[in-house]
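Chain and residue survey
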Amino acid sequence: MKKISLLGATGSIGVQTLDVIEQHPEQFRLTAISFGKNMEKGLEIIHKFEPEVIAVQKKEDADRLRLKLGNSFRIVFGEEGLIEAAAATEADIVVSAVMGSVGLLPTIHAIKAGKDIAIANKETLVTAGHIVMELAEKHGVRILPVDSEHSAIFQCLNGENPKQIERLILTASGGSFRDYTRSQLADVTVDQALNHPNWSMGAKITIDSATMMNKGLEVIEAHWLFNIPYSKIDVILHKESIIHSMVEYKDGSTLAHLGNPDMRVPIQYALTYPDRLELPSSKRLNLWELSKLHFGKMDQERFRCLKLAYIAGEKGGTMTTAMNAANEEAVQLFLDRKIPFLRIEDIIEKAMEQHEFIQRPTLEEIQAIDRLTRQYVQSLLN
Ligand SMILES: NC(=O)C1=CN([C@@H]2O[C@H](COP(=O)(O)OP(=O)(O)OC[C@H]3O[C@@H](n4cnc5c(N)ncnc54)[C@H](OP(=O)(O)O)[C@@H]3O)[C@@H](O)[C@H]2O)C=CC1
Ligand SMILES: CC(=O)[C@@H](O)[C@H](O)COP(=O)(O)O
Ligand SMILES: [Mn+2]
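Along each chain, residue indices are assigned from 1 in the same order as the chain's sequence is written. The naming scheme follows written order: chains are lettered A onward, ligands numbered 1 onward. Per-residue local features of the predicted model are confined to residues with pLDDT of at least 70, and side-chain atom pairs are confined, for both listing and counting, to 80 or more; whole-chain, interface and lining totals are unaffected and use all residues. Computation of side-chain values covers all heavy atoms of the structure but excludes hydrogens and water.

Comments concerning the overall build of the protein
Under the DSSP-based scheme used, a helix requires at least four consecutive residues in state H or I and a strand at least two consecutive residues in state E, with every element numbered from the N terminus. Secondary structure summary: the protein contains 15 helices and twelve strands in total. For 382 residues, the compact-globule estimate of 2.2 N^0.38 gives 21 Å, and the C-alpha radius of gyration of the protein, at 20 Å, lies within 12% of that figure. Any two residues whose heavy atoms approach within 4.5 Å are treated as being in contact. In the protein, the share of contacts with a sequence separation of at least 24, taken over all contacts with a separation of at least 6, comes to 68%. Counting only carbon and sulfur atoms, one obtains 50% of the accessible surface of the protein, whose full area is about 16,900 Å². The globule rule is 2.2 Å times the number of residues to the power 0.38, and the radius of gyration it is compared with is taken over C-alpha atoms. Calculation of accessible area relied on Shrake-Rupley with a 1.4 Å probe; when residues are assessed, cover is drawn exclusively from the protein chains displayed.

Thoughts on the sheet that holds strand β4 (residues 74–77)
The strands that make up a sheet pair up through hydrogen bonds in the backbone, lying either parallel or antiparallel. Taken in spatial order, the seven strands of this open sheet run β4-β3-β2-β1-β5-β6-β7, and their pairing is parallel. A strand with exactly one partner marks an edge of an open sheet, and here the two such strands are β4 and β7 (143–145). Each adjacent strand pair in this sheet contributes to an overall mean axis angle of 25 degrees, direction not counted. Here strand β1 (residues 2–7) pairs with strand β2 (residues 28–34) via six bridges, running parallel. Paired with L7 across the bridge in β2 is S34. Structural elements are reduced to axes, namely lines fitted to C-alpha atoms, with helices fitted over the stretch in contact, and the angle between N-to-C directions of any two is expressed from 0 to 180 degrees. Against the sheet, helix α4 (residues 78–87) touches β1, β2, β3 (53–56), β4 and β5 (93–96), its axis set at about 135 degrees to β4. In this description, strands pair whenever DSSP reports at least two bridges between them.

Considerations on the confidence of the model for the protein
Known as pLDDT, the predictor's confidence for each residue is given on a scale from 0 to 100. Per-chain confidence: the protein averages 97 in pLDDT, with 100% of residues scoring 70 or above. Interface confidence for the predicted complex, expressed as ipTM, amounts to 0.99; the pTM equals 0.98.

Focus: the coordination of the manganese ion (ligand 3)
Summarising the metal site, the manganese ion (ligand 3) is bound by the protein donors D147 (OD), E149 (OE) and E218 (OE), whose distances to it range over 2.1 Å. On the primary sequence, the residues serving as donors to the manganese ion (ligand 3) are separated as D-x1-E-x68-E. With E149 in helix α7 (residues 148–157) and E218 in helix α10 (residues 213–226), this pair connects stretches of sequence that are 69 residues apart. The buried category is assigned to E218, whose relative accessible area is 1%. Counted as coordinating are nitrogen, oxygen and sulfur atoms within 2.8 Å of the metal, or 3.2 Å for Na, K and Ca, while water is not included, which may make sites look incomplete. Whether a residue is buried, partly exposed or exposed follows from its accessible area with a 1.4 Å probe, protein chains only, as a fraction of its type maximum: under 20%, in between, or over 50%, in that order.

Structural notes on empty space enclosed by the protein
Here a cavity denotes a set of grid points, spaced 1 Å apart and computed over the protein atoms alone, in which a 1.4 Å probe fits but from which it cannot get out, and a pocket denotes an open set meeting protein on both sides within 12 Å along at least five of seven lines; residues with an atom within 4 Å of a point are reported as lining. Grid points are joined across faces, edges and corners, and a volume is the space filled by probe spheres set on the points. Scanning the model with the defined rule gives one cavity of 30 Å³ or more in all. Lining the largest cavity are R182, L185, A210, T211, R302, F303, R304, F341, L342 and E345. The residue classification treats Ala, Val, Leu, Ile, Met, Phe, Trp, Tyr, Cys and Pro as nonpolar and Asp, Glu, Lys and Arg as charged. All others, Gly included, are polar. Across the lining of the largest cavity, the residue classes break down as five nonpolar, one polar and four charged.

With respect to the environment of T254
With respect to the helices and strands, T254 occurs in strand β11 (residues 254–258). Overall, T254 belongs to the partly exposed group, its relative accessible area being 41%. Distance from T254 to K68, taken between C-alpha atoms, is 55 Å for residues 186 residues apart in sequence. Beyond its immediate sequence surroundings of up to four residues, T254 is in contact with M246, V247 and E248.

A look at the domain arrangement of the protein
The domains assigned to the protein are domain 1 (2–145) and domain 2 (150–315). Residue ranges labeled as domains rest on an automatic or database domain assignment. Taking the mean C-alpha position of each, domain 1 and domain 2 sit 25 Å from one another. With 28 residues of domain 1 in contact, the opposing surface of domain 2 contributes 31 residues. Between domain 1 and domain 2 lies a buried interface of about 2,500 Å² when both sides are counted; carbon and sulfur atoms form 70% of it. Just to be clear on terms, a salt bridge is a Lys or Arg side-chain nitrogen sitting within 4 Å of an Asp or Glu carboxyl oxygen. Along the contact surface separating domain 1 from domain 2 lie three salt bridges. Among the ionic pairs, K204 bridges to E123, the shortest N-O distance being 2.8 Å. As used in this structure description, the phrase polar contact means that two N or O atoms lie within 3.5 Å; if the pair is within protein, one of them must be able to donate a hydrogen and the other to accept it, and residues adjacent in sequence are counted only when both atoms belong to side chains. Put simply, domain 1 and domain 2 have nine residue pairs in polar contact (both at pLDDT 80 or more) between them. Buried area is a sum: the accessible area each of two parts loses on coming together, probed at 1.4 Å, counted once for each and added.

Remarks on the pairing of strand β8 (residues 165–172)
Burial analysis of β8 places six of its eight residues in the buried class, the great majority of the element. Looking at chain direction, β8 and strand β10 (residues 243–249) are connected through five bridges and run antiparallel. What sits directly across from I165, in β10, is Y249. In this sheet, strand β9 (residues 233–237) lies alongside β8 in parallel orientation, the contact comprising five bridges. Counterpart to A172 in the pairing with β9 is L237.

Laid out in structure tokens, this is it:
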């Protein structure tokens, strides 16, 4: 029986993780959850899974929950609460599925407490990859990828000597506006941007897919997870999201991981690694449909956010922290209909240029750059 702490239980990855847990009641037990504001969904999860620890964002929500549920649960809140749900429980593994760099501190505390991490929250690795990976090595814990591309690469790397890798090839669907020219992007709406062609995901990552920043974050995520230089990480367009990513080896062999787009597959693999379990709900691939797959060359001038992510990744240090914080703020501004779509990339570029760069930042310096960058982005609107 594997005990799981699930951060971001009410979100897209959170709900699909619960579905995996429900399909294997004899294998998994949910010991802790966190969620933000969605009390209705949160209560539904609490009644169904009865986790011992519940972390919410706000004190008022924690008070409301205590009134409703009595003393049978440990109800905590805020940053401290999130850390408690991640680190101070019996869990063997923490699924990090919150949105944004708020996932960093709980992940660090969970690693220090010796928990394996199933990481969906890519912003944690983008903002502080060197700290997270070094800590994981020091404490002997596994950082297991949940992101579909990274799970694919992880499976293609299984048992291979990393020295034999020629390059990693991440596939990108192209997002909601893949067939638009740059001039057509000028007046796209939030509702159009939220309409991803292949995946049903949270709002922030869906906008990231539309700007191609999602692939940029994933390039940086791959760099940290697999310790591969940026010069050996490529991105290609692949409309159908059937090939989730590939690894090309020195001898010219390319290994690919295929499957219908269903996040429950990589979520479950991270929970069961190195074993596999049946997943009755997963739809099998129809191999004769593969003749309909499409591939295209990535154009970094059309998708400027991807270019910015390569620049930030190569520079390293706090450049990826600033890029990530600016992206989180800019995407929220777009979702709030305060800026047009194309302003997102302008804001990120400006924030990267103006921030005071540190080559090897401490955790405190990363937190400071994250905070200052967000303030800078807000100041651009005044
Ligand atoms: N969805 C997907 O298919 C994939 C997602 N990912 C990554 O996984 C992460 C989660 O994505 P997704 O599930 O789509 O996102 P969602 O927006 O659907 O869910 C986010 C979860 O985090 C909670 N949350 C948000 N902000 C905070 C905060 N400040 N403090 C505490 N909790 C918070 C939300 O709570 P509430 O809703 O209750 O407010 C919710 O439970 C992201 O990093 C994303 O990039 C990676 C690959 C695929
Ligand atoms: C499901 C998943 O892993 C997402 O990150 C997905 O890859 C988004 O698709 P694109 O960024 O390729 O549009
Ligand atoms: Mn992905």
